[in-house]
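Residue strings, one per chain:
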Amino acid sequence: MVKFKNRFILLGAAIIIACAVLIQPVRAAAVSALSIFRVADTKVIKITVNDLQSLLTFIDQENGAQDTNAPEPTLHELFEKAASELKPITSVGDFTDFPFSLPTALKDETPILYAAGSQAQTLTIDTDEINAELIRLGATVPLGSGLDGANVTVSTPPAIIAEYPDVTLLATQNIAIDDPAGIVDEIMVSLLSTPAISDELRAQLHAVDPTTGDIYLPVVEGLGRETRLGGTTGYFYTTSDLAQVLGQLSIFAGDTHLDQLKTENTSALIWTKDGVLYCLVGQLSDSELSQIARSIPG
């Protein structure tokens, strides 16, 4: 499982660093309990390098201002934990959470399979605590006190992973949120009132429709390319492109890890099909990844 973990970590770095703190609020606002995990479509949020610079500088300043001795988990630790929750399975037939088929372009290879089931967690809202954090972030729109004590249940989707010698395929669905009080939408509005978000980016996020079940992916200047996969659009993220983008940000100035990203040149192709979110990761060309993606039946 070592190859998968390395690819999984690189994919996470490409996506999470690229969109900074935005991916979780965007995903949370783009899902509904009515979707029952199903993904409707993949859409994008366009982010400029200046947007990233502003966000990362703001986050760095805020973290420095906090009085805490608690160590922050590294990306590696976070994704090692996620990978450890996957359980080996012997065949695709053992996975029944949603229809899944292996790519016919790799029919001569036998992958190692892993699966993870859905997990739910219920959160009780403490508006005083959340508002204190929002104020610290400079938000001008606090949560209403009427939301205090309300519950939100977040259910993570099931997932299956096929690990081949040269590429790893991940299939999953959407996060489902049971939020009868509309708390997620209010938190989103509050977060969007923080000064670190540009007007153009704020307008895009305000336009997110929380009832569609769409997945929103970050497309940063120089990071993220489109490709047509039949009737859907796929999005490429490559570590070498990520290194170039991060190299333009002052917070990463002189970081020697960027040289490793440049030489690693691992790519991730992300797309949705028949209510499922797919991610294909490997050190292959765009055309090779696209060919494998197009060969998945369905």
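Residues numbered from 1 in each chain as written. Predicted model: local features only at pLDDT ≥ 70, side-chain atom pairs only at ≥ 80, totals over all residues. Heavy atoms only, no water.

## Re the sheet that holds strand β5 (residues 151–156)
Ordered in space as β4-β5-β8, the 3 strands form an open sheet in which the pairing is antiparallel. Unpaired on one side and paired on the other, β4 (119–124) and β8 (176–178) mark the two borders of the sheet. Direction aside, the axes of adjacent strands within the sheet are offset by 20° on average. Pairing of β5 with β8 involves 3 bridges; the strand directions are antiparallel. Across the sheet, Val 154 pairs through a bridge with Ile 177, a residue of β8. (Pairing = 2+ DSSP bridges. Helix = DSSP H or I, 4+ residues; strand = E, 2+ residues; numbered from the N terminus. Axes fitted to C-alpha atoms, helices over the stretch in contact; angles between N-to-C directions.)

## Side note on unusual backbone geometry
Despite not being glycine, Asp 274 shows a phi value in the positive range, around 50°. Here Asp 274 is to be found in the loop between β12 (267–273) and β13 (276–282). On the accessibility criterion, Asp 274 (53% relative accessible area) is exposed. (Buried < 20%, exposed > 50% of the residue type's maximum accessible area, 1.4 Å probe, protein only.)

## Re helix α5 (residues 127–136)
Along α5, the residues that are buried comprise Thr 127, Asn 131 and Leu 134. Viewed end-on, α5 has its buried residues packed into an arc of 60°, placing them on one side of the element. Those residues of α5 that are exposed and aimed more than 90 degrees away from the buried face are Asp 128 and Glu 129. Buried-residue contacts for α5 involve α6 (183–191). Taking the backbone nitrogen of Asp 128 as reference, a side-chain oxygen 3.2 Å away marks Asp 126 as the first, capping residue of α5. (Arc of directions from axis to C-beta. Contact = heavy atoms within 4.5 Å. Polar contact = N/O pair within 3.5 Å; in protein donor to acceptor, adjacent residues only side chain to side chain.)

## Some points on the sheet that holds β12
Backbone-to-backbone hydrogen bonds pair the strands of a sheet. The strands run either parallel or antiparallel. An order of β2-β3-β6-β7-β13-β12-β11-β10 is seen for the 8 strands of this open sheet, with the pairing classed as antiparallel. A strand with exactly one partner marks an edge of an open sheet, and here the two such strands are β2 (87–89) and β10 (225–229). Across the sheet, the mean angle separating the axes of adjacent strands is 25° when strand polarity is ignored. Of the strand pairs in this sheet, β10 and strand β11 (residues 232–238) are connected by 5 bridges, and their pairing is antiparallel. Among the inter-strand pairings, Glu 226 is bridged to a residue of β11, identified as Tyr 235.

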